[in-house]
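Chain by chain, the residues run as shown.
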Amino acid sequence: MNRPLSLTVWIWLMTVVLVVAFTPFDPHLSEWAQGLPEEIVGFNRAITDIGTFAWMIYSSALLLLIAFVVRRSSARDTLRQRARAARNLSAYFLLTIGTASVLVHGLKFLIGRARPELLADYGPYSLTPFTGDTLFESFPSGHSTAAGAFFGAFAMVMPQLRPLFLLLALLVGISRVVVGAHYPSDVAAGLLLGLWVALMMAFVFARQGWLFKLGAAGWPVLRHVEHEAEERGAE
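Residues numbered from 1 in each chain as written. Predicted model: local features only at pLDDT ≥ 70, side-chain atom pairs only at ≥ 80, totals over all residues. Heavy atoms only, no water.

Undergrad: Quick one: what's the story with the overall build of the protein, residue by residue and with numbers?
TA: Helix and strand content of the protein: 10 helices and two strands. Listed N to C, the secondary structure of the protein is α-α-α-α-α-α-α-α-α-β-β-α in terms of helices and strands. Overall, the C-alpha framework of the protein stretches about 65 × 40 × 35 Å when taken along its three principal axes. Counting all 235 residues of the protein, 46% fall into the buried class. Look at the contacts in the protein between residues 6 or more apart in sequence, and 69% of them connect residues 24 or more apart. With an accessible surface of roughly 11900 Å², the protein has 69% of that area assigned to carbon and sulfur atoms. (Helix = DSSP H or I, 4+ residues; strand = E, 2+ residues; numbered from the N terminus. Buried < 20%, exposed > 50% of the residue type's maximum accessible area, 1.4 Å probe, protein only. Contact = heavy atoms within 4.5 Å. Areas by Shrake-Rupley, 256 points an atom, 1.4 Å probe, with all protein chains shown as cover.)

Here is the structure:
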């Protein structure tokens, strides 16, 4: 079985099901969430910008640069091996988050859904594509996509903590509804888009022998530093 294809079909079917299920209730859930007690709304305001692409991309790029420099300049084999693993890890995060950013912003521009703050004027189902105006870029949620990609990548790297990372992604997504930036269907689509990118990028890396390898079940599993060291002579 083609594992990436089957996962893609499964994730996109789930996305369609969730979007269709949430859409009729979007305006009611959005208004209810924004009417929660101020303590809850304040907490969500505090965590919502965790799902910002910029800091994720800049941090990953900086770590990639540092790992590259250490790898090239160090004379110690052990340090070079660890820097190589760090380089591959940073590259995985950078490419995952960068790809997710390109995809979600392209979809926002193409779809043009009005945000909840325009509910009174445009309703919850208004589509105005190609405006380039952020007020008409509600679907999918960019912060949710970033969180899905970021925490999805962590879930691939640290599978023993996978439930925790998926919960953190969900919390960021929910915060976008509570602060009035998105509808629930926007969040569901964004989270699954980000998760899908993290999964597909792991397959790409595994097939190249970078950071991951394909396990017995055809699923990307993390390579250890020792395995990375075996390949150092090929560089």
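Undergrad: If you had to explain the nonpolar core to someone new, which residues and values would you point to?
TA: Counting 42 residues, the largest nonpolar core has Tyr92, Phe93, Phe151, Phe205 and Phe212 as the members making the most contacts within it. Of all elements in the fold, only helix H1 (3-22), helix H4 (53-73), helix H5 (77-111), helix H7 (142-157), helix H8 (162-178) and helix H9 (184-208) reach the threshold of two or more residues within this core. With 14 residues, H9 is the single largest residue contributor to this core. Leave out the neighbours within four places in its chain, and phenylalanine 205 touches Asn88, Ala91, Tyr92, Leu95, Trp210, Leu211 and Phe212. (Core = buried A, V, L, I, M, F, W, Y, C linked by side-chain atoms within 4.5 Å.)

Undergrad: Describe unusual backbone geometry, listing the residues and the values that go with them.
TA: Each neighbour pair has its own omega, and for phenylalanine 139 with proline 140 the value is -10°, a cis peptide bond. Among the structural elements, proline 140 can be located in the loop between helix H6 (119-122) and H7. Residues other than glycine seldom take positive phi values, yet phenylalanine 130 does so here, at roughly 65°. On the secondary structure map, phenylalanine 130 appears in the loop between H6 and H7. Relative accessible area serves as the criterion here: at 52%, phenylalanine 130 is assigned to the exposed category.

Undergrad: Just give me the short version of the packing of aromatic side chains, but keep the residues and values in it.
TA: Any pair of aromatic rings gets described here by the distance separating the centres and the angle formed by the planes. Under the counting rule described, the total for this entry stands at 14 aromatic pairs. An angle of 70° between the planes, with centres 5.5 Å apart, marks the rings of phenylalanine 109 and phenylalanine 130 as edge-to-face. Of this pair, phenylalanine 109 sits in helix H5 while phenylalanine 130 sits in the loop between H6 and H7; the two residues are 21 residues apart in sequence, bridging distant segments of the chain. Classification of phenylalanine 109 as partly exposed rests on a relative accessible area of 36%. Counting every residue linked through ring pairs, the aromatic cluster contains Trp55, Tyr92, Phe93, Phe150, Phe151, Phe154, Phe165, Phe205, Trp210 and Phe212. (Phe/Tyr/Trp six-rings, centres within 6.5 Å; stacked < 30°, edge-to-face > 60°.)

Undergrad: Provide a residue-level description of helix H3 (residues 38-47), including the pertinent values.
TA: Buried within H3 are the following residues: Val41, Asn44 and Ile47. The arc that holds the buried residues of H3, viewed along the axis, is 130°, so those residues lie on one side. Among the exposed residues of H3, those pointing more than 90 degrees away from its buried face are Glu39 and Ala46. For H3, the elements touching its buried residues are helix H2 (26-34) and H8. (Arc of directions from axis to C-beta.)

Undergrad: Can you break down the environment of alanine 114 residue by residue, with the values?
TA: Examined against the element boundaries, alanine 114 turns out to sit in the loop between H5 and H6. Assessed through its relative accessible area of 0%, alanine 114 is described here as buried. Considering only alpha carbons, one finds alanine 114 and glycine 215, 101 residues apart in sequence, at a separation of 43 Å. Beyond its immediate chain neighbours, meaning those up to four positions away, alanine 114 contacts Tyr122, Ser126, Leu135, Phe136, Ser138 and Tyr183.

Everything listed is a geometric property; what it means functionally is a separate question.
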